[in-house]
Amino acid sequence: MDATDRRILRALARRARLTNAELAEEVGLSPSPCWTRVKRLEQAGVIAGYHAVLDQAALGLPDTVFLEVMMERHDDENLKRFEEAVSGMPEILECWLVTGEYDYVLKAAVGGTAGYERLLREKIYRLPGVRHTRSAFTLRCLKRVLSPVP
């Protein structure tokens, strides 16, 4: 990856909907070599995808909560069932297997404390193997990026 590839990645990270012509002009290439470089970066997996970022508040889920989950057991089957169940919950934005006292950290979009209580009671607490949870509501987001930019 050279400096031109990094310029392409920075431009797409800022505005993924640039046309090839706009991108080429911004990075100082003609359209054909620019398109070839973008395709090569996609095929190499450097560009993993393009996404629309939706506004949580506009969707009725204005609050973000981080939820730490401790499991009773750590056998493969128990962890697999938990991970599959969480993957199917639309309000869970991210799920991380982590080191430390808790086993997982979840990031969830909820509609206030009532929405969070529903998530806990109707979904998380009903999952087999969940031993304990701890949560923290966010106050405001100071920085959010979807990926590092070279």
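Note that the coordinates shown come from a computational prediction; the quantities given were computed from them, not determined experimentally.

Criteria and thresholds
- Residues numbered from 1 in each chain as written.
- Predicted model: local features only at pLDDT ≥ 70, side-chain atom pairs only at ≥ 80, totals over all residues.
- Heavy atoms only, no water.
- Core = buried A, V, L, I, M, F, W, Y, C linked by side-chain atoms within 4.5 Å.
- Buried < 20%, exposed > 50% of the residue type's maximum accessible area, 1.4 Å probe, protein only.
- Contact = heavy atoms within 4.5 Å.
- Patch = residues over 30% accessible without salt bridge, like charges linked within 9 Å, V, L, I, M, F, W, Y side chains within 5 Å.
- Areas by Shrake-Rupley, 256 points an atom, 1.4 Å probe, with all protein chains shown as cover.
- Salt bridge = Lys/Arg side-chain N within 4 Å of Asp/Glu carboxyl O.
- Lys, Arg positive; Asp, Glu negative; His and termini not counted.
- Charge placed at Lys NZ, Arg CZ, Asp CG, Glu CD.
- Helix = DSSP H or I, 4+ residues; strand = E, 2+ residues; numbered from the N terminus.

Novice: Before we move on, could you go through the nonpolar core and cite the residues and values that matter?
Specialist: Among the nonpolar cores identified, the biggest contains 19 residues, and Val 69, Phe 82, Leu 106 and Leu 119 are the most heavily contacted of them. Ignoring any residue separated from it by four or fewer positions in sequence, one finds Val 69 in contact with Phe 82, Tyr 102, Asp 103, Tyr 104, Leu 106, Val 130, His 132 and Thr 133. Core analysis: the next-biggest nonpolar cluster, separate from the first, contains 12 residues, Ile 8, Leu 18, Val 27 and Leu 41 among them.

Novice: Run through a negative patch on the surface, naming residues and quoting values.
Specialist: There is a patch of like negative charges on the surface, built from Asp 76, Glu 77, Glu 83 and Glu 84. By secondary structure assignment, the location of Glu 84 is in helix H4 (residues 76-87).

Novice: Describe the pattern of salt bridges, and please don't skip the residues or the numbers.
Specialist: Scanning the entire structure with this criterion turns up 11 salt bridges. Between Lys 39 and Glu 42 there is a salt bridge whose closest N-O contact spans 3.1 Å. Taken together, the residues Lys 39 and Glu 42, both in helix H3 (residues 31-43) and 3 residues apart, mark about one turn of the helix. With a shortest N-O distance of 3.8 Å, Lys 107 and Glu 94 are connected by a salt bridge. Taken together, the residues span a long stretch of sequence, with Lys 107 in strand E3 (residues 104-110) and Glu 94 in strand E2 (residues 92-97) at a distance of 13 residues.

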